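# Secondary and tertiary structure notes
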Amino acid sequence: MLSETSSSLRASERFSETSSSSSSSSSSSSTSSSSSSASLWRVDTLDEISSSSLRNVATLVETFSSILLTVGALEEPTSSALPTLDTLEELKASGFGRPPPRHGYALLAWYVKSCVDNNMRALCDPTEFEYGFHEFKNRGRGSSRLLPKLDGRDGCVYYTLGNLNSRRYKGAADLPYEVRRYYDKRNKRSNMDRLLVKYCSNQNLIKDVYASAHYESTHTYLIGSDLISDLRQQNNSQQNMSYSRLWQWIVLHSNKRNNIIM
């Protein structure tokens, strides 16, 4: 009887140990599973956060780039941003090229008469450095550029004209007397005026003409087509008047000579 009771107790203890071990194992497995799930959740969450952050950064960079491009475009000077002179009165009011010893007015009047035709085709070749023409680099960025930025694909280049120093620009010596008349190398005002032209060699066209007091932005003007026409007409009128006066002088002196002979 006692032997049966001891056997029953030992069996009960083994069952308890087995149950406890099973429970412990189950608990450990559950804990491990929960830990693994938590770990997986954290990884998924970090991936989502990283992806979201990258998307946000990409959006911010794109937005910032757009802002920079917009600001840059706003800062770029355009033809319309520069004052345009359309009449002789506006040219006179601007003070460009006058009074002597400044030569800009005489330079502009001569240029529109002698170097471009009615269709603005070039009659003087800037690429050959005629009359002292040379390339104008238009350096700077944004609003620091004097003239609008060139496209670069249309074959157009800026050239400048008006430096009367023939030692530096030999072609300047070929400018007419009325342009060089007051030049004095000791007087800066006698050599401060410039013309700038946008020349498109593939079409042999002058697209734009600018007048500038030695590249000062506050004294640089776009010359309108109406003003170019007015200057041509004025030149023709002055030339006709000169011919008329010359003819009158010839007739007058011819009459005097005839009277003396008689």
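A quick note: this is a predicted structure, and the numbers were derived from the prediction, not measured.

Okay, the pairing of strand β6 (residues 220–223) next. Side chains Thr220 and Leu222 project from β6 onto one buried face, and the interleaved Tyr221 and Ile223 project onto a second face that is buried too. Across three bridges, strand β5 (residues 205–213) lies against β6 in antiparallel orientation. Bridging across to β6, Tyr210 finds its partner in Leu222. Taken together, β5 and the strand that follows it, β6, pair antiparallel across an intervening segment of six residues, in which His214 is found at a positive phi of about 50 degrees.

Time to look at the sheet that holds strand β3 (residues 156–161). One open sheet holds the six strands; their spatial order is β1-β6-β5-β4-β3-β2, and the pairing between them is mixed. Pairing within the sheet leaves two strands with one partner each, and these edge strands are β1 (84–85) and β2 (134–135). Pairing of β3 with strand β4 (residues 193–200), which is carried by six bridges, proceeds in the antiparallel orientation. Bridged to Thr160 within β4 is Leu196. In the packing of helix α3 (residues 104–114) onto the sheet, contacts are made with β3, β4, β5 and β6, and the angle to β4 comes to roughly 30 degrees.

Moving on to the state of the cysteines. Taken as a whole and assessed by the stated rule, the structure comprises two disulfides. Here Cys115 is linked by a disulfide to Cys124, with a sulfur-sulfur distance of 2.0 Å. Taking the sign of the S-S torsion, about -80 degrees here, the bridge from Cys115 to Cys124 comes out left-handed. The exposure class assigned to Cys124 is buried, which follows from its relative accessible area of 6%.

Here we come to the nonpolar core. Within the largest apolar cluster, 32 residues are counted, with the highest numbers of intra-cluster contacts made by Leu91, Leu108, Trp110, Tyr111, Ile206, Val209 and Ile223. Taken together, the elements giving at least two residues each to this core come down to α3, β3, β4, β5, β6 and α5 (225–261). The biggest single contributor to this core is α3, with six residues. In contact with Tyr111, not counting residues within four places along its chain, are Val116, Phe133, Leu161, Leu195, Val197, Ile206 and Val209.

Tracing the backbone through its elements, the reader meets Pro83 in the loop between α1 (2–75) and β1. Sequence-wise, Pro83 and Thr220 are 137 residues apart; in three dimensions their C-alpha atoms are separated by 7.5 Å. Here Pro83 is in contact with Thr220, Tyr221 and Leu222, once residues within four sequence places are set aside.

Predicted confidence across the protein gives a mean pLDDT of 79, with 61% of residues reaching 70 or more. Scored below 50 in pLDDT, residues 15–41 makes zero contacts in the model with residues more than four places away or belonging to other chains.

With that out of the way, let us pick up a negative patch on the surface. Where like charges cluster on the molecular surface, the negative patch consists of Asp86, Glu89, Glu90 and Asp226. When you line up the elements, Asp86 lands in the loop between β1 and α2 (88–94).

This paragraph deals with α3. For an α-helix the count is 3.6 residues per turn, leaving residues at separations of three or four pointing the same way. Counting buried positions along α3 yields eight of 11 residues, so the element is predominantly enclosed. Among the residues of α3, those classed as buried are Gly104, Tyr105, Leu107, Leu108, Ala109, Trp110, Tyr111 and Val112.

Let's shift gears to the packing of aromatic side chains. Applying the stated criterion across every chain yields a total of five aromatic pairs. An angle of 70 degrees between the planes, with centres 6.3 Å apart, marks the rings of Tyr111 and Phe133 as edge-to-face. Of this pair, Tyr111 sits in helix α3 while Phe133 sits in the loop between α3 and β2, and the two are 22 residues apart along the sequence. Both residues of the pair, Tyr111 and Phe133, count as buried. Relative to Tyr199, the ring of Tyr159 has its centre 6.3 Å away and its plane inclined at 65 degrees; by these criteria the two rings are edge-to-face. Of this pair, Tyr159 sits in strand β3 while Tyr199 sits in strand β4, and the two are 40 residues apart along the sequence. If you follow Arg98 out to its NZ or CZ, it ends over the ring of Tyr105, 3.6 Å from the centre.

Rules used in this analysis
Residues numbered from 1 in each chain as written. Predicted model: local features only at pLDDT ≥ 70, side-chain atom pairs only at ≥ 80, totals over all residues. Heavy atoms only, no water. Buried < 20%, exposed > 50% of the residue type's maximum accessible area, 1.4 Å probe, protein only. Helix = DSSP H or I, 4+ residues; strand = E, 2+ residues; numbered from the N terminus. Pairing = 2+ DSSP bridges. Contact = heavy atoms within 4.5 Å. Axes fitted to C-alpha atoms, helices over the stretch in contact; angles between N-to-C directions. Disulfide = S-S within 2.5 Å. Core = buried A, V, L, I, M, F, W, Y, C linked by side-chain atoms within 4.5 Å. pLDDT = per-residue confidence, 0-100. Patch = residues over 30% accessible without salt bridge, like charges linked within 9 Å, V, L, I, M, F, W, Y side chains within 5 Å. Areas by Shrake-Rupley, 256 points an atom, 1.4 Å probe, with all protein chains shown as cover. Salt bridge = Lys/Arg side-chain N within 4 Å of Asp/Glu carboxyl O. Lys, Arg positive; Asp, Glu negative; His and termini not counted. Charge placed at Lys NZ, Arg CZ, Asp CG, Glu CD. Phe/Tyr/Trp six-rings, centres within 6.5 Å; stacked < 30°, edge-to-face > 60°. Lys NZ or Arg CZ within 6 Å of the ring centre and 35° of its normal.

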